[in-house]
Every structure is written in structure tokens, then in C-alpha cells.
Amino acid sequence: MNWPAFVAMLKTTWQIWLQSRSFFFLLAFGWMIPPLVYLFVWSTVASDHTIGGMTQGEFISYYLLLILVNQLTYSQTNWTVGDSIRNGGLSLDLLRPVPPFYGTLASELAGKVVYMLFVVPVVLLLALILHPVLHPTLPGMLFFLPSLMLAWLLRFLWGYWLALLAFWATRADALLALQDSLIFLLAGQVAPVALLPGPLHTSAALLPFRYMLGFPVEVLIGHLNTTEMISSLLLQACWLLFALGLSMLLWRAGLRRYTAVGG
Amino acid sequence: MYYLRLIATFIRISIQEETAYSLNFFIGLLSALLNLGTGLLGLLVLFSQVNSVRGWTFSSTLALLGVYILLGALRGLFIGPSLNALVGLDGEVWTGRFDFTLLRPLNAQVMASLRHWRLFSLFDLLTGVGVLSLAIIRLQQALEVLHLLKFLIALGAAITILYAILLFFSALLFWSPGFLFTWIFDGLFQMARYPVGLYPGWLGLVLTWIIPVGLMTTIPAQALNGTLSSGLLVSSAVLAVLLFVGATAFFQVGLRHYTSASS
């Protein structure tokens, strides 16, 4: 890997991102609202008795963590990758002496830092007001970081291969909207996965979406025992390998097909 | 009469623009279905755990969801696209093209509010009406004429409030170009998905009286299940008139602040 080039790109994108931070703070605000709505709804429902074994305080800490993890794993670059293929911006990136993937990765990392500057203070403030209850277990804390890291990679690469479909179809970004809906339903946003009824619960456990968002939160909150954590982590890694392979395959095939639009 | 002819022309032009890409039809359909699916499944998950929350049963929350989809559809049909062309990303106020709009011999507010139509929002309008009808059937009451009348008044007030707030947020751009005020509202509007009563007291007050997004869906839904007091209905109608007059005046003041962005 060409490290100096990557570091230079990281610095530039970070400065570009910081320049228009109010814009990104607004985006982060918008992404925060849906989990916040369900935080309030479930904490109201659980105000006098536990729901599915979760108390009001546990719902609050679940959703506050979900807001953080959602922001850390959300890949806004997936939308821009497709755009640059459609409007021909990719041609410029291809001329550079580093793979375009570096640029995507650099803007992904820079973006995370800018979003966190907004989301972390807000979540801390909400935690002060709402009194979350958290009983983390030692294995949970150990497994949290690996599961979070894999969740981000999986969500990023899964969106990346969807975005690469722009080489073949001009409106492939509609699939990204579909992915967001599936994450909303199956990844623990509308309710913690354990509370989903029958068929939804089964599909949530098997499909990759829970492993992009809900799984790390469940790990930290102590909902899973060690065997469940290990088997889920393995499934997460399998989906990750699948997404990685598909991304590489589509990138190679797509590039051969790519004809620049515009100058 | 003149304005009606003008609106018909605006609609005709918008149809020509939108149907240029036949794929847009299916994408409009997909997004309407996703909107309906996530909304319905979200309610099913919630009510698989409880029978009612703070007096809201599945059926009356379903009515509220119908109102929410309906309002979102009306917004997406013309208010959203028109105001977005004015103050959104690369909108007329940013680029200075608003000069040409102001030069036309027509009320600037009418121009700004009615010019662009997104007809695929009619799919959302249909699903909204469908959900509402289903909710009315499930509420199992012979729909009294009085309830229906109250509902229509409440819905009219809600649409007026929605328009007034969006106009107000848009006009703020004349003072601070470059900040996407309407995006803040987008976030808050999502909170209207659930009854105001489900939020903690302080937030409920904010959503009722300060930024009345909660009011928009809660009051029409209450009219349908017959729990709406006449006092609340009258005050929401009065609020709608006040906000409409206030936002119109504010927009006029904003217009005078507009100092063209072109070179």
C-alpha cells in the first residue's frame, strides 16, 4: 500500500470535510432522528413493565449506543461512488497514481471524524437527561470492538458493491434506498432484533443487515452469551468475505465496461 | 382562473420532465412501497409486544400512519420540489437564478410554492388513502358524518401548518444562505410518525406548540377515533391560519433581504 499518498489524501479530504461541517452536522442530525423516535416509543412502552426482558433504562442505553454505532458504520461514500461513475468524475480519479479506492476510504474515515464531533456530544447530553442503564459483561466488552470493526467493513463493502452496479444501471442508487429500509427493519432500529416477531426474527438472524448495526450493540449491552457471540461473529465474517469478493469482482468487470461521460 | 391555468401548465411541464426517464416510474413505485412497508411493519412489531400504548391501539395508530403518509405525499407532490428548487442544494437563491423568477409578472410566493410537481408522489397518496381506509374499517364504527367532517377540517389545518412551516424555514435562507434549514424540519417531521402522547412530556410540548409537527398527524387521527375535543380542533384551525399569515409575511420580508448571488 502506498502510505504517503493515502495519508496525503486523508489530510486533504479531512480539510474539505471540515470546511463545510455545518452541512455534515445537519446530515448527522437527520440520521439520528429515526433511532431517537424508537428510543422514545419503546421507553414509553416499557415505562411500567419490562418488554421482552428489557427495562426502560436498558431500552434507552440500547438506542443511545445504536445512534453511535449507526453513525460509525453508515457509509455515505456509497452514494458518491455511484455518482462519480454516472457523471464521469471517476475518469479523473483513474488518472491518479493511486487506486480510486484510496480516495473513497479516505473520505470515509475523514467523514467519520466530522460526524462524531456532532454525534458524541449530543448522545452524551441525551444520556444525562434520559438516565440509561447499562450492565456490560466482560466478554461483551472484549467482543465489542471486533464486532464494531467488522460491522463497519461489512456495511461499507456491502454498499460498495451495490454502488458499483452503477457501471451497468444508471439508477442503481435505488438499491441503496432498499438497503436502508432493510437495515431499518432487520438491523435492530425499529426494535431490538430479539423483539421481532417470528419470520422477521429468523431473517434478521440470517441476513447480513443485523451484522452491520444491531449486533455490536447487542454485544455491548450483554444480550448474547459467549457462544452466540462467537457464532454471530463467524457469520459476520462470512458475509464480509462475500461482500469483499463481490466488490472486487464487480470493480474489475465494471472498469472494463466503463466509458467516461463528459470531460 | 388565471392561476389555475398556470398551475395546469406547471403540472404539464413537470410531467414531461419526469416521464423522460421511464425507469423513474418504477423507482417512484419502489419508494412508495418501501415507505408503506417500513411504516406498517414498524407498527406490527410494536403492537406484537403490547395491545395499546397510552390509549393508542393498533387501529388508531394505523390511522395516524395513514395521515403521516398522506401528508408526506402532498408535501412530495408540489410543496417539497418547488421550495427545494428555490432553497435546496444548488437552489435558485444559492445560484442567483432567483432574479429571473422575481422579474416575472407574478406573485413570487405563488411561483415559489407551485412551480415544480413530482407526480410519482401520487403512489404515496394512494397508499396513504389505502392505509387510512383500512384503519377506518378496523376502527369498526359506522363513520359518523361529524367525525369525517372534523377529520377533514383537521387534515386541512395540518396541510396548511405543514406548508407554513416549510415556507418559514425556506425564508430563513434569505438571511443565512448556505444553510439547509428545511433539512432540520425533515428530521423533526419524522417524529410525526407516532402520536405526540408517546413522547416524554417536554418533547410532546415542543412538538405540539413550538414546532407543531406532532399536531399535524395526531389531531386528524384523534378526529377519526372520536377522541378529539372541539377546543383542540378549533385551536389547531386558528393556529393554521396564524402560521399561514405569519409565514407569508415573513417570506415577504425575506424577499426584501434577497441580494442576488450572481456576479
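By convention here, each chain's residues receive numbers from 1 onward along its written sequence. For naming, the first written chain is A and the first written ligand is 1, with later ones following in the order written. Only residues with pLDDT of at least 70 get local features here, since the model is predicted, and only at 80 or more are side-chain atom pairs given and counted; chain-wide, interface and lining totals rely on the full set of residues. The basis for every side-chain value is the complete set of non-hydrogen atoms in the structure, without hydrogens or water.

Caption draft 1: Spotlight on the overall build of chain B. Each helix corresponds to a stretch of at least 4 residues labelled H or I by DSSP, and each strand to a stretch of at least 2 residues labelled E; elements are numbered beginning at the N terminus. Summing up its helical and strand segments, chain B has 12 helices and 2 strands in all. The linear arrangement of helices and strands in chain B, starting from the amino end, is α-α-β-β-α-α-α-α-α-α-α-α-α-α. Its C-alpha atoms give chain B a radius of gyration of 19 Å, within 12% of the compact-globule value 18 Å for 263 residues. With the principal axes as the frame, chain B shows a C-alpha extent of 60 × 40 × 35 Å. Any residue under 20% of the maximum accessible area for its type is buried, any over 50% is exposed, and the rest in between are partly exposed; the area is computed with a 1.4 Å probe on protein chains only. The buried share of chain B, reckoned over its 263 residues, is 51%. By definition in these notes, contact holds between two residues if any of their heavy atoms fall within 4.5 Å. Residue pairs in contact within chain B that sit at least 24 positions apart in sequence constitute 78% of those at least 6 positions apart. Of the accessible surface of chain B, which amounts to about 12000 Å², a share of 69% is contributed by carbon and sulfur atoms. Throughout, radius of gyration means the C-alpha value; the globule benchmark is 2.2 Å times the number of residues raised to the power 0.38. Here the open area of atoms and residues is found with the Shrake-Rupley method and a 1.4 Å probe, where only the protein chains shown may cover a residue.

Caption draft 2: Representation of the interface of chain B and chain A. Taken together, the contact between chain B and chain A spans 30 residues of the former and 32 residues of the latter. Carbon and sulfur atoms supply 82% of the area buried between chain B and chain A, which totals about 2800 Å² over both sides. The term buried area denotes the loss of accessible surface (1.4 Å probe radius) that occurs when two parts are joined, taken as the sum for both partners. It is B:Val45, B:Gln49 and B:Trp183 that lose the most area in chain B upon contact with chain A, and together they represent 19% of the buried surface on that side. A pair is scored as a salt bridge if a Lys or Arg side-chain nitrogen falls within 4 Å of a carboxyl oxygen belonging to Asp or Glu. Run the count over chain B and chain A and you get 0 salt bridges. Here a polar contact is taken to be a pair of N or O atoms separated by no more than 3.5 Å, where protein atoms must pair a possible hydrogen donor with a possible acceptor and residues adjacent in sequence count only if both atoms sit in side chains. At the junction of chain B with chain A, the criterion picks out 3 residue pairs in polar contact (both at pLDDT 80 or more). Within the residue set of the side of chain B that touches chain A, elements represented by two or more residues are helix H2 (23-47) and helix H9 (181-189) of chain B. Sort the elements by how many residues they give to the side of chain B that touches chain A and H2(B) lands first, with 10 residues. Note that Gly is not counted as nonpolar here; it falls among the polar residues with everything else outside the nonpolar set of Ala, Val, Leu, Ile, Met, Phe, Trp, Tyr, Cys and Pro and the charged set of Asp, Glu, Lys and Arg. Classifying every residue of the side of chain B that touches chain A by side-chain character gives 21 nonpolar, 7 polar and 2 charged.

Caption draft 3: Spatial organisation of the packing of aromatic side chains. In this analysis, rings of Phe, Tyr and Trp, with Trp reduced to its six-membered ring, are considered paired at centre separations within 6.5 Å, and the interplanar angle assigns stacked below 30 degrees, edge-to-face beyond 60, and tilted for intermediate values. Evaluated as defined, the whole model comprises 43 aromatic pairs over all chains. Each ring, one from A:Phe6 and one from A:Tyr102, has its centre 5.8 Å from the other, and the planes form 85°; the classification is edge-to-face. Taken as a pair, A:Phe6 in helix H1 (residues 3-19) and A:Tyr102 in helix H6 (residues 100-130) lie far apart in primary sequence, 96 residues in all. Neither residue differs from the other here; A:Phe6 and A:Tyr102 are each classed as buried. Judged by centre distance (5.8 Å) and plane angle (25°), the ring pair of B:Phe185 and B:Phe189 falls under stacked. Within this pair, B:Phe185 and its partner B:Phe189 are both found in helix H9, separated by 4 residues, close to a single helical turn. When its relative accessible area of 0% is taken as the criterion, B:Phe185 is described as buried. A network of ring pairs unites the aromatic residues B:Tyr68, B:Phe168, B:Phe169, B:Trp175, B:Phe185, B:Phe189 and B:Phe250 as a single cluster. Here, a charge over a ring means that NZ of Lys or CZ of Arg falls within 6 Å of the ring centre while also lying within 35 degrees of the ring normal. The lysine or arginine in question, B:Arg75, covers the ring of B:Phe189, its NZ or CZ lying 6.0 Å from the ring centre.

By themselves, these are just geometric observations and shouldn't be taken as functional.
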